[in-house]
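Residue-level structural notes
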Amino acid sequence: MNKEIAIDGPAGAGKSTIAKKVAEKLGLIYVDTGAMFRGIALYMTEKGIEGSETGKIKGEINNIRLDIVYENGEQQIILNDENVSKLIRSPEISKAASEFAQVPEVRERLLLLQRELAAKRPVVMDGRDIGSKVLPDASVKIFLTADVRVRAERRCKELIEKGEKVNIEDIMSDIKSRDEQDMNRKVSPLIQASDAVLVDTSSLSIDEVVDTIIKIACDKNPDFI
Ligand code: DC
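Attention in this report is confined to the structure presented alongside it. None of these values were measured; they are calculated from a predicted model.

1. Section: the site of the ligand
The local shell around the ligand holds 15 residues, among which R38, R107, D129, R178 and D182 are the closest. One nitrogen or oxygen atom from the side chain of R128 is found 2.9 Å from an oxygen atom belonging to the ligand. Coverage of the ligand by the protein amounts to 95% of the 440 Å² it exposes when considered alone. Secondary-structure elements contributing two or more residues to the shell around the ligand are α2 (33–46), α4 (91–100) and α8 (168–184). A per-element tally of the shell around the ligand places α2 first, with 4 residues. For the shell around the ligand, the per-class residue count stands at 4 nonpolar, 4 polar and 7 charged.

Here it is, written out as structure tokens:
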């Protein structure tokens, strides 16, 4: 049985925080696939291309080189030799990533990269279509979710800690529109794979979620113990 863990779920469910901790505890590599879509969105928006301009996207997609490297255990995204790991975290790029993620050529390109990474070493990979499309044979699949207000509150807390001004209603509406877009696109929409275990994190702490997932993983695949 392989040692792949796929974690999917909507925006702000805590996937990256949780996936990173699960990976650390189990000695696996954490792969954040959302960062790859963000890298492509950054490249295209810097060229003035929008998510609806499929012709231009197809024309540019092969000029993009995305490399994934690790610095002190943290995943870094290198876009054509530039480390863009911080630049991809703006609200504009969050919105754009969800738009570019609808384009089949973007998804095909990243699918290859994601599978290549998983083939090298056992991974905990998070995203929207990992259990359903990228790693359909992953031995452990988790669908992580939380109430939309709880997700918005967590995001607000993070932004306040960074000293930013926030409006919970705006954040909630951004999250809802991204979920809507991610769930309703034609290719690889956000769905819970039939063999994924649903974990609702609304009333759980980070450590409780991590422990829940590790228990699920060890029950499914004793090689994790
Ligand atoms: O997880 P995130 O917020 O960093 O992801 C940014 C966007 O990328 C998300 O709104 C949808 C897209 N995405 C995707 O379509 N498939 C994935 N496997 C990961 C992310």
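2. As for the sheet that holds strand β5 (residues 82–83)
The strand order across the open sheet formed by 3 strands is β3-β4-β5, and the pairing between neighbours is antiparallel. On the outer flanks of this sheet lie β3 (66–71) and β5, each paired with one strand and no other. The sheet contact formed by strand β4 (residues 74–79) and β5 spans 2 bridges and is antiparallel. Looking at the pairing, I78 lines up with N83 of β5.

3. A word on α8
In this model α8 runs 24 Å from its N-terminal to its C-terminal C-alpha over 17 residues, within 8% of the 24 Å that 1.5 Å per residue would give. Within the sequence span of α8, burial applies to I171, M172, I175, R178, D179 and D182. Here the buried residues of α8 occupy an arc of 130° about the axis, which is enough to place them on one side. On its buried face, α8 sits against α2, α4 and α7 (148–161). Its side-chain oxygen at 2.8 Å from the backbone nitrogen of E169, N167 defines the N-terminal cap of α8.

4. Here we look at empty space enclosed by the protein
Throughout the structure, instances matching the rule amount to 1 cavity of 30 Å³ or more. A volume near 30 Å³ is recorded for the largest cavity. In this structure, the largest cavity is lined by I29, V31, L117, K120, R121 and V123. Those elements that provide at least two residues to the lining of the largest cavity are β2 (29–32) and α5 (104–120). The class makeup of the residues in the lining of the largest cavity is 4 nonpolar, no polar and 2 charged.

Rules of the game
- Residues numbered from 1 in each chain as written.
- Predicted model: local features only at pLDDT ≥ 70, side-chain atom pairs only at ≥ 80, totals over all residues.
- Heavy atoms only, no water.
- Near = heavy atom within 4 Å.
- Polar contact = N/O pair within 3.5 Å; in protein donor to acceptor, adjacent residues only side chain to side chain.
- Areas by Shrake-Rupley, 256 points an atom, 1.4 Å probe, with all protein chains shown as cover.
- Helix = DSSP H or I, 4+ residues; strand = E, 2+ residues; numbered from the N terminus.
- Nonpolar A, V, L, I, M, F, W, Y, C, P; charged D, E, K, R; others polar.
- Pairing = 2+ DSSP bridges.
- Expected span 1.5 Å × (residues − 1).
- Buried < 20%, exposed > 50% of the residue type's maximum accessible area, 1.4 Å probe, protein only.
- Arc of directions from axis to C-beta.
- Contact = heavy atoms within 4.5 Å.
- 1 Å grid on protein atoms, 1.4 Å probe; cavity = no way out; pocket = protein on both sides within 12 Å on 5 of 7 lines; lining within 4 Å.
- Points joined across faces, edges and corners; volume = space filled by probe spheres on them.

Note that all results are geometric; they support no functional claim without further evidence.
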